[in-house]
Structure formats: structure tokens, C-alpha cells
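# Remarks on the overall topology
These are the residues of each chain, in order.
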Amino acid sequence: MRSPAVLPVLLLLILHLTAGASAALALQDFHGGLYWDVPHPHASALLLARSYVVTSPAVIYHPHTAMLWVHLSSLHEPVQVTIQLQRADGTHNITLLERKVQEPRLYLNVTFPAPTPAKGKEEIVDLHIAIQGDSLDVSEKKKVMLRALQPGIFIQTDKAVYKPGQQVKFRVVSLDKDFVPSNKKLPLVILKDPSQNRIAQWREVSPRQGIVDLSLPLAAEPALGTYVIEVEGKRHYFSVEEYVLPKFEVTIDLPAVVLEKDKKIQVEICGRYTYGKPVQGKVQASLCQRIGVRYSPFVQTQSCIEVSGQTEKNGCFSTEVLLTAFSLTSFMYGKKFRVQASLVEDGTGRDGGVLLLGNGHCCGCMVLHPNARGTVLAKGTIVTVLRKELPAGAGLRGSFSLELPIGPELAPKAKVLGYAVLPNGEMVAHSTELNVAKCFPNKASLSRSRTGEGCHGGRPGIQMDFLGTWLWELVPVGEGGSAEMAVTVPDAITKWEARMFCMSPLGLGMAPATTLTAFKPFLVELALPYAVVHREAFMLVATVFNYLRQCLRVQVTLVESAELEVSADMGKGAYRGCVCADEERTFQWSVRATSLGEVNVTVIAKALRAKKLCGTEMPVVPAQGHVDTETKLLRVQLQN
């Protein structure tokens, strides 16, 4: 989830004017931000010695506390300092500082509640600084923006892809800039279909500890395509498709860089089931380089090499590709390879594909000059001011180190501004950005045991998903700060990934992702299409996997059903055969579906006691798990 604290580019306002100098200011681009610098004035040394710096964010966020840094130096007389936010209509001005300064210098943090913008979300006002004394009269204005900061909105669905008829579950998480839950009402939550028709809406929704939990069942025959959830200008997309869950993934391994002198490269394509075991099948792959026609950027062709082969026992196909068909030097040829690969599983014909285009503290050193100051800004406001005075050495050079404690208030990004006022009144400045790890005050952890899942935090949301979702829960956590829930692992051989976040008055906590692999060494798996046509013959395929170290003699049975008609030449729907260590065997039945709607299909694989050898080995019967059953729903429709 994206953090709400990543605000637009932060503008730093640095106001500095030497007494008696021209009021003309030069505007310069400065490392992605802006700063205002004063041209070197032609005035006496006495006047140059009297200077001021006021530092402020250029955007002040309501309703949070804002800070100004005021620095006056080398004053030789008492002065009156006034700082105001002045509105365009001249009314309702806000005085931030009004102070008589008797001392020769002043270092002051001015904190104030950011005022509400007069025109709703944003308002441009003047930051006015006035310094008056017997021989000093300074009046300067700069534009700053008042902005009403809305809670950060994040939308999360339990899946990225849904089938028709499934239930869409989603959460809306609302956080303020400090990652604290916001319970501000959401005026409108909208769900739109691929044609942008509004198919559902919720009005005046109240979050609980910053979380809104909603759901909507999809129609049996919904519009297929991309849907969108809209909340307060934020959008989250998901799709509805007629799909079959992938059982394996395909990966491509090739060099990150190809050199001009290279004559060939090694390419490896691998298939892995979701539970980590290798896939046996046929690989087809293409390695392509784009060719552009000179002066015609829109006319492009490509040069390709095709490779194919069978995966080894480890599930990988490895080959060398000669690069003679490509150009690695001509400007007309692209500098990236495009690799596309597919793997067709032996026995079932299922395929998969892939496309590959080529805590603690921070100690920062800043090389600054005498009377150096450092300002740290994060989340749109000044967080802290560090100050150090140095004697002016030869050449006005010097360096020092500052230790900056890192906390959640700086996450995820902070800007450090350093400036120095030289003895002649001239100012130099530089800034740098710090990327801060998302360390939250609310710590969360997710652990598992054979009896359940544990979490520590506030109000956790737990998700374990692939394209299918097992857990999608909101669990209240008591004063002890932890909760335990007993769950039953679904009867699916796959790898689950669990993610959890916690919400409490302290703020957001996120647990590191953890995985859980459900596995058994002897299993049967059905490979069903998404849908079949009523009374039209199709091949029903089941595969038996043996990850034991010994051979098994198995019997595979398609359970009889009034809704399925098995071809007469298939006998009673039972097969027998051997499956040895780290092997699989596929069995097929020609069947017709005799009922419309969803039909249960069940196969049973059983390891048999037998004296007949499997090759040269005596088959065994596992002490545990010698029978495996799989049942799946098959959609039957009148036509494709």
C-alpha cells in the first residue's frame, strides 16, 4: 500500500534579506525544490552584519501543526519582529509571531495550528515578515498555500481476478499523515463495471479504526473485463474473467547484460508447480530484437530466434542461443531482447507462459560554513532544527557531523536543508533527501503453528492469497495485544502467502509477509476446463503425482454420477498402473455432462498392495496418505 505521507514536491521557502539591501529576489531551481536567494547587496559592513532567515514549508497542511524557523543575527539595536499569514481580502489575518527582540541574535521555532483554507481545500496567502527598529525597516512577503489534507485512502481487494458468480470482498483503509487511523466518514464508495456503469454504491460509510469492510456478489453472467472501485478520488481495479487457476508458473533465466563481443548466451526456462515441485513438459520460446526503419519510428519489425525442447527432471529446459542473427552494434537495432516462453504440461496439455523484457539512527555529514543550520522536513512540515556554530577558519571552510534520530515521523522520505550565514551576511544553502524505512510505532507480527495463526498488534486484517483466497479476516485484538485463530488449511496443494496489517490508536503496523506450503507426497489432480457444453463429449484428465522415494501401484477411479455419462469403452471408470518416485501419470476419460449448471466431478487415487513389480521395484503402500480424493466443480452450459 502506498503511504499517504508521500506528498507532492516539497517547496522550501527561505527568506533572507540584509538590512538596506534591494528587495529584488532571484528565483532558482534547486534539486527538485525551490529556494529564494538574495543577490549580494552593495551596502556597508554594518548593514550587512544585520540579517535574518525565516524558513517555512511553502505548503501548510490543515489541520496539522506547522512550524517556522526564525533566525536573526548580529542585531545592534532592539527590533520588533512580526510574522503574519495575510489573506487576499485583508481580513482574518493570523499573527504567528509578535515579539520585541533585545538580544543581538534570535533562534526560534514558531509552532502554530495550520488554519483552515477559506475556500475549501486550498487557499493562497501571504507569509509577511516585518522587522522594525530605529535604523532597520524590513517588510517582505512570500506566497504560501494553505491546503486541507484529507486522509490517505487505500483500497484492497481479496483477489485481483474473479470468476462470474463469485463474491468481491474489499477494504477501504483510511490513514492520516502520521499513519494513524482516520474514522472520518466516506461520503461515497462506488463500484463500476467495464462500461463505467455504476453497479453498486455505499453512502456515508463510517470506518472502524480506519477500516471499512465491504463485499458484493457478482452476477452469474456479469460483463467480463476490468472493474473499478472509487473512493474519494482514489481508484482500485480488478477484473472478472472466465479462467482456470494456474497450477504452475514459468520462469526465464538469462544474462542481465549481453556484450557486443558475445557470440552466444545461455537461456534456461523452468516450470514449477505452486507447491514448488518441477513440471514436466514441452517448452517453446522466442528471443526477439526490434528493428526500426530509419526516419520512420512507427515502422518496426523484429528479428527472432525460436527454440524448443523438453524439460529435464528438475523442470528446466536449458539451451544456448547463437547471437549471429542479431546486431549488437547497429543503431537501427533495439538494445533490449524480448523473450517469450510457454510450457505445455505433459499429459494434461495445460500451459503457462511468461514474457520478459530485456532502525536506529542516521549520521549524516554536511560540508557547511560558519553559523551553520540544518532543517529536517518530512510529511510537509518542519520536523526538527539542528544548529551548530563554528569559528570562521581560513577560506571560510569547515565541516561537522550531526546525528539525526530516525523515527516514524520522518518516514517514508525526509528532506534535510542546510544553510550557513557567512560573516559578511551572505547565505549559502544545500539540501538532500533521506529515504526512511517505513518503521511504524505499532509493531505487528504474524506467526503460525499446527494449531492456528497468531498476530500481535491492533485490529489486524489477514490475507492469504494467490488468484484464490483462503483467509480474508478482520480480527479484534484485546488489551494483551495478540490474538490466535484456529484455521483449517484448504484441501489444495499449493503455496500460500500471508500478509497482515494492524490498526490501533497508535497507528498502522505491518507484519512481514510469510508463506505456508500445503503439500502431500501422493496426490491426484483434476485438470478441468472452465466450462463444457451440455451433452458434448470432452476428455476429463486426472494426473497422479508420486513424490515418495518408492514406486506405487495405483488405482484411479472416476466416481459415478448421474450428471456425468462415461463413454462405454472406458469400462467402469477405473484405471490401474505404476507411478514411480518423482513421476506422474495421466489418466483420461471420455465423458458427457447430462445436467446444466455446476456439476461435481470426483476422482479417487489409491495405492494398492501388490506383488507385481513396477519395473524392477516392488511397489509400496504409504503408512499415511495412501488414498487421495479430489472434487471439483465443472460448469456446464448450453453453448460456448
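Since this is a predicted model, take the numbers as computed values, not measurements. Counting from 1, residues in each chain are numbered in the order their sequence is written. It should be noted that, the model being predicted, local features are given only for residues of pLDDT at least 70 and side-chain atom pairs only at 80 or more, the latter also being counted only at that level, while totals for whole chains, interfaces and linings use all residues. Side-chain calculation: all heavy atoms of the structure are included, whereas hydrogens and water are not.

### Concerning the sheet that holds strand β24 (residues 316-322)
A pair of strands is treated as paired once DSSP finds two or more bridges between them. The numbering of helices and of strands both runs from the N terminus, where a helix is a DSSP run of H or I of at least 4 residues and a strand a run of E of at least 2. If you walk across this open sheet you meet the three strands as β20-β21-β24, and the pairing is antiparallel. Of all the strands in the sheet, the pair left with one neighbour each is β20 (248-253) and β24. Across the sheet, the mean angle from the axis of one strand to that of its neighbour is 15°, orientation sign disregarded. Every angle, taken between N-to-C directions, lies between 0 and 180 degrees, and every axis is a line fitted to C-alpha atoms, over only the stretch in contact when it is a helix.

### Let's talk about the state of the cysteines
Put simply, a disulfide is two cysteine sulfurs that come within 2.5 Å. For the structure on display, the rule yields four disulfides. Covalently, C270 is tied to C316 through a disulfide, its sulfur atoms 2.0 Å apart. When the S-S torsion is 110°, as for the bridge of C270 with C316, the disulfide is right-handed. Of this pair, C270 sits in strand β21 (residues 264-273) while C316 sits in strand β24, and the two are 46 residues apart along the sequence. What pairs with C551 in a disulfide is C580, and their sulfur atoms sit 2.0 Å apart. Sign of the S-S torsion, about 105° for the bond between C551 and C580, identifies this disulfide as right-handed. Note that C551 is positioned in the loop between β42 (538-546) and β43 (552-558) and C580 in the loop between β45 (574-579) and β46 (583-593), a separation of 29 residues in sequence. Burial classes: relative accessible area under 20% of the type maximum marks a residue as buried, over 50% as exposed, and values in between as partly exposed (1.4 Å probe, protein chains only). According to the relative accessible area criterion, C551 is buried, its value standing at 1%. Classification of C580 by relative accessible area gives buried; the value is 18%.

### Some points on the nonpolar core
Buried Ala, Val, Leu, Ile, Met, Phe, Trp, Tyr and Cys residues that are joined via side-chain atoms within 4.5 Å together make up what is termed a nonpolar core. Formed by 28 residues in total, the largest nonpolar core has its most connected members in V70, L72, I83, L85 and I131. Of all the elements in the fold, those that place two or more residues in this core are β4 (51-57), β6 (65-73), β7 (79-86), β8 (94-101), β9 (106-113), β10 (122-132) and β11 (137-148). Among residues more than four places away in sequence, those in contact with L72 are S51, Y52, V79, V81, P104, R105, L106 and I131. Counting residues in each nonpolar core, the second largest holds 27 residues, with F522, L528, V544 and L634 among its members. We call two residues in contact when some of their heavy atoms are within 4.5 Å.

### Section: a nonpolar patch on the surface
On the surface, V559, I604 and V627 cluster together to form a nonpolar patch covering roughly 180 Å² of accessible area. Residue placement: V559 occurs in the loop between β43 and β44 (564-566). For V559, a relative accessible area of 32% corresponds to the partly exposed category. Patch definition: residues above 30% relative accessible area lacking any salt bridge, with like charges linked at up to 9 Å and the nonpolar side chains Val, Leu, Ile, Met, Phe, Trp and Tyr linked at up to 5 Å. Each accessible area value is a Shrake-Rupley result obtained with a 1.4 Å probe; residue values ignore everything except the protein chains displayed when judging cover. One side-chain nitrogen of Lys or Arg within 4 Å of one carboxyl oxygen of Asp or Glu is enough to make a salt bridge.

### Considerations on the pairing of strand β12 (residues 152-157)
Regular strands place their side chains on alternate faces of the sheet. Within β12, six of the six residues are buried, leaving the element largely enclosed by the surrounding structure. Where burial is concerned, the two faces of β12 agree: the one with G152, F154 and Q156 and the one with I153, I155 and T157 are both buried. As defined by bridge partners, β12 adjoins strand β14 (residues 167-175) across six bridges and the pair is classed as antiparallel. Considered in β14, the bridge of G152 is made with L175.

### With respect to the pairing of β7
For β7, a buried count of seven out of eight residues is recorded, marking the element as mostly surrounded by other parts of the structure. Sheet analysis places β7 next to β8, joined by seven bridges and oriented antiparallel. Bridge pairing in β8 places V81 opposite R99. When β7 meets β10, the two strands line up antiparallel, connected through seven bridges. Within the sheet, the bridge partner assigned to L85 lies in β10 and is L127.

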